[in-house]
Amino acid sequence: MHFTDIAPSVPVGSFKRTKIIATIGPATDNPEMVEQLIAAGVNGIRLNFSHGTREEHLARIPWVRKASEKQGKPVAVIQDLQGPKVRLGDFEGIITVKAGDELSFLYQADYVKTGHIPMQYDLSKKVKKGERLYLFDGKVRTTITRVGHDGVVHALADNDGILIKRKGMNLPDTDFQGDILTPKDLADIEAGAGQDIDYVAISFVQTAADIENLRELLQKQGSTAKIIAKIETKAGVDNIESIVQAADAIMVARGDLAVETPAESVPVVQRQIIGLGQKYAKPTIVATQMLLSMVDMPEPTRAEVSDVATAVFIGADCVMLSDETAMGKYPVETVKTMKRVVLYAEQHPPLKATYPFEREHTMRHAISSSVINLAENIDARAIVAETKSGATALQIASQRPDTALIAVTSEIRTAQQLALVYDVKSYVRPDDPQAAIKLTEWLRQNDVLAIGDVVVMVSGRYPGKTGATDTIKVRALE
């Protein structure tokens, strides 16, 4: 059975355009909960390799595929790599810090015996004097004063606070020199390469070279997964345009980003990234604490509702849930709440999200623009795009058409990857010169489209050939 052989229960105009990603964790760690999340509106499942075992994560993939088939819609599976998450090590109790205190840090130190605060990562090989070192997710701010030959990193505290074991360390000024894939990440990549994974998310990206390095590794492993660049460092922001060009999708990882850059800059960076995503036809994901209060409460705060709606208004492809579905008391209710907010925001947009940039003048862009203009001028019900690789659908979606966008592809992987793309409803059908026509007829028979609806179809003369899109047709359904 192909995806979506089960007829959708709502007409094409009722589909949400902004997609939802949910993270699997202890609260949703069974096939039944995964199916409930997908039924509630989830389009992508995130496997967070920072927590849990590799075996636990890989065992969840068949749950997603079974639920996806049962619900009749493609769902993307995301392998989110841990990356060089720099944390304090283990020590007993709480370390109290006062402004002006001199602190020392050593990789895997015994705090009681040495007086050095232990770290889980050897920073002595990376940091330099004068660089900032933030502890406990930014609650304690220090400046590095010296790096000893013995591997001890010395720092001066800028404010009062406390330190607790295993809390995060952020280094907004430090250049990791491309060394952001840890031995654990490499083992996770190898294990995931032979699995049914659609996207690999790389953490703490600093330059486009980080993306190119991962892409080379995936290709050597025979993986067809696309790459999501997680923007959560100052260096990542500084190099954002080249990173967007190199990656296949971009995540605004606002948690660490708000520590490594001024918190007030994050909304501006978020808009900048979404604009670049539209410029280069790359899906964008807004993540971190979107409905965090629903970890413990059945209703979100007004500020959280506004946050989700704002992501919709400014044109994000996806909004993501983390702790809310991984550890929360109300995971399914959280997805339903997010879907309601997304749909209401889409139905009452204050303005159309457009960004001031110049696109490259390619044939694909020219065809996509023509399709959108034609669809809007004739009040078409939908655009139906035949696509092998997904590039045609990506290009159309990046221009945020007012007309619903349906993609038909012969590649299951493409349909699953398009599950995260704004406005795209994907259907899997064999390569056929009449694929779009046959699909529109099937949609009419199943009340997704209606007699009299007009659709604009874009396809190629050679079905199944990547990059051959060159034909636009208009059809009124009979």
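Preceding block: the structure.
Report on the accompanying structure. Because the structure is a prediction, the values reported are computed rather than measured.

## Describing the packing of helix α13 (residues 363-377) against helix α14 (residues 391-398)
Viewed as axis vectors pointing N to C, α13 and α14 meet at an angle of 60°, and their least axial separation amounts to 9 Å. Taken as axis vectors, α13 and α14 run oblique relative to one another. Crossing angle aside, the handedness with which α13 passes α14 is right-handed. Between α13, through R364, H365, S368, V371 and I372, and α14, the contact on the second element is made entirely by A391, T392, Q395 and I396. Taken together, the residues of the contact of α13 with α14 break down into 4 nonpolar, 4 polar and 1 charged.

## Looking at helix α2 (residues 54-71)
The periodicity of an α-helix, 3.6 residues per turn, causes residues three or four positions apart to be oriented the same way. Taking 1.5 Å of rise per residue, 18 residues should cover 26 Å, and α2 covers 26 Å from first to last C-alpha, within 8% of that figure. Within the sequence span of α2, burial applies to H57, L58, R60, I61, V64, R65, A67 and S68. Its buried side turned inward, α2 meets α1 (31-40), β2 (44-48), β3 (76-80), α4 (183-193) and α15 (412-418). Phi turns positive, to about 75°, at G72, one or two residues after α2.

## What about unusual backbone geometry?
If you check the backbone angles, R166 has positive phi at about 65° while not being a glycine. Mapped onto the secondary structure, R166 falls in the loop between β10 (161-163) and β11 (169-170). By relative accessible area, R166 is classed as partly exposed at 46%. Although it is not a glycine, D423 sits at a positive phi angle of roughly 75°.

Cut-off values and rules
- Going along each chain's sequence as written, the residues are numbered from 1 onward.
- Owing to the predicted nature of the model, reporting of local features is limited to residues with pLDDT of at least 70; listing and counting of side-chain atom pairs is limited to 80 or more, with chain, interface and lining totals taken over all residues.
- Excluding hydrogens and water, the side-chain values take into account all heavy atoms of the structure.
- For every element, the axis is a line fit to its C-alpha atoms; helices are fit only across the contacting stretch, and the angle between N-to-C directions ranges from 0 to 180 degrees.
- Under the DSSP-based scheme used, a helix requires at least four consecutive residues in state H or I and a strand at least two consecutive residues in state E, with every element numbered from the N terminus.
- If an angle is under 35 degrees, it is roughly parallel; if it is over 145, roughly antiparallel; if it lies from 65 to 115, roughly perpendicular; otherwise it is oblique.
- Here a crossing is called left-handed whenever its near helix is offset anticlockwise from the far helix by less than a right angle, and right-handed whenever the offset is clockwise.
- In what follows, residue pairs with any heavy atoms lying within 4.5 Å of each other are defined as contacts.
- Residues are grouped as follows: Ala, Val, Leu, Ile, Met, Phe, Trp, Tyr, Cys and Pro are nonpolar; Asp, Glu, Lys and Arg are charged; all remaining types, including Gly, are polar.
- Given the number of residues in a helix, its expected span is that number minus one, multiplied by 1.5 Å.
- Relative accessibility thresholds used throughout: buried, under 20% of the residue-type maximum; exposed, over 50%; partly exposed, between the two (1.4 Å probe, protein chains only).

The values are spatial; any link to function lies outside them.
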